[in-house]
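A look at the structure
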Amino acid sequence: MGKAYGDTMGEYFGRRHLPAVESAALPNDVALTWLQARSGTGMTAPIPAEPALLLAVQLQPLRQHRLWLDGKAVLVDPYQAGALTMLDLRSRPVADLVSGYECVQLYLPHAALDALSDVQETRRLDNLPLLEGADDLVLAHLARIARVAVNPSGPATSLFLDTLLLSVHSHLTQHYAGQARRGPQRGGLAPWQESRAKQYMEAHLDTRIGLMELAALCQLSPGYFGRAFKVSTGVTPHRWLITRRLARARHLMLRSELTLADIAQRCGFTDQSHMAREFRRTEGHGPAQWRRAQAS
């Protein structure tokens, strides 16, 4: 069993005796676990880096939490019921679970994924995206089935898990294979360039960021960088930056008493009016109205 999961998962979430079932058919340990807490359990213990995939589906809204990957904070919005998180455990995830939660987690070592690919005679899942709170109706449905089977009174068996694994693997192959860490598209950024540019913008949302400094980070000319970024991501660097600033603004509006003017400043907008214009463009109404609706 992977050190962070199965019977020892409780050590990382501050819980003990978590309901779990393990696969008997695969040569590499796989575990399906159900976690529930009525109130937040705080910081999880650091999970040692290992070549494994973690799939987590929320069964109830996770209203407040924080996430770190490779020691760096990741901006996350509240998760709705059914939200999917897919993480590579080599990124050593740590979470601060501020509010209550209920989720099903599936721990899949990379070697187990390869074994499933061999069993199903499909290509190996070498390039899976990292997802945080994504919508996936299929995996949400499978998670609800798993929750019934895995809870303390449920009928979960290794055969149940093996059947579930085949369904999950087929879904990942059809919908997610090849979506992350691709080689550079024609005219696009190399994976390391895209990652470096995004990480830099994420870490400097509250400051003025110029195209020249982003291009320099990627060792490209500004003109080429701008075109290549859009090829790789589908949006311009400016639009990507605005999207992340809006995500931080929503985060602060939900979790702080800061004024909209202060939030606009902390998120790197020119002023409150600038934030309001961008907010209406994506949400259809202004930030004050959105904040009141969320509060109610």
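Computed from a prediction, not measured in an experiment: that's the story for all the values here.

Parameters and conventions
- Residues numbered from 1 in each chain as written.
- Predicted model: local features only at pLDDT ≥ 70, side-chain atom pairs only at ≥ 80, totals over all residues.
- Heavy atoms only, no water.
- 1 Å grid on protein atoms, 1.4 Å probe; cavity = no way out; pocket = protein on both sides within 12 Å on 5 of 7 lines; lining within 4 Å.
- Points joined across faces, edges and corners; volume = space filled by probe spheres on them.
- Helix = DSSP H or I, 4+ residues; strand = E, 2+ residues; numbered from the N terminus.
- Nonpolar A, V, L, I, M, F, W, Y, C, P; charged D, E, K, R; others polar.
- Pairing = 2+ DSSP bridges.
- Buried < 20%, exposed > 50% of the residue type's maximum accessible area, 1.4 Å probe, protein only.
- Expected span 1.5 Å × (residues − 1).
- Arc of directions from axis to C-beta.
- Contact = heavy atoms within 4.5 Å.

Here we come to empty space enclosed by the protein. A water-sized probe rolled over the atoms picks out the places where empty space is left. Inspection of the entire model under this criterion finds two cavities of 30 Å³ or more. The volume enclosed by the second largest cavity comes to roughly 120 Å³. Looking at the lining of the second largest cavity element by element, the count peaks at four residues for helix 3 (residues 137-150). Broken down by class, the residue content of the lining of the second largest cavity amounts to 12 nonpolar, one polar and no charged.

Attention now goes to the sheet that holds strand 6 (residues 72-74). Taking strand neighbours across the sheet as the criterion, the four strands line up as 3-8-5-6 in an open arrangement whose pairing is antiparallel. Edge positions in the sheet fall to strand 3 (42-43) and strand 6, since each of these pairs with one other strand and no more. In this sheet, strand 8 (residues 94-97) lies alongside strand 5 (residues 65-69) in antiparallel orientation, the contact comprising four bridges. Residue pairing across strands places Leu67 opposite Ala95, the latter belonging to strand 8.

Remark: a regular strand shows side chains that alternate across the two faces of the sheet. Counting buried positions over the seven residues of strand 4 (residues 52-58) gives seven, a clear majority of the element. Summarising the sheet, strand 4 and strand 9 (residues 101-109) pair through seven bridges and their orientation is antiparallel. The residue of strand 9 that forms the bridge with Ala52 is Pro109. Direction of pairing for strand 4 relative to strand 7 (residues 83-88): antiparallel, over a ladder of five bridges.

With 13 residues, helix 5 (residues 191-203) should cover 18 Å at 1.5 Å per step; its first-to-last C-alpha distance of 18 Å lies within 8% of that length. Gln193, Glu194, Ala197, Met201 and Glu202 are the residues of helix 5 that are buried. An end-on view of helix 5 places all buried positions within 160° of arc, on one side of the element. Tucked into the core, helix 5 has its buried residues touching helix 6 (211-217), helix 7 (222-233) and helix 8 (237-255).

Nothing here speaks to function; it is geometry throughout.
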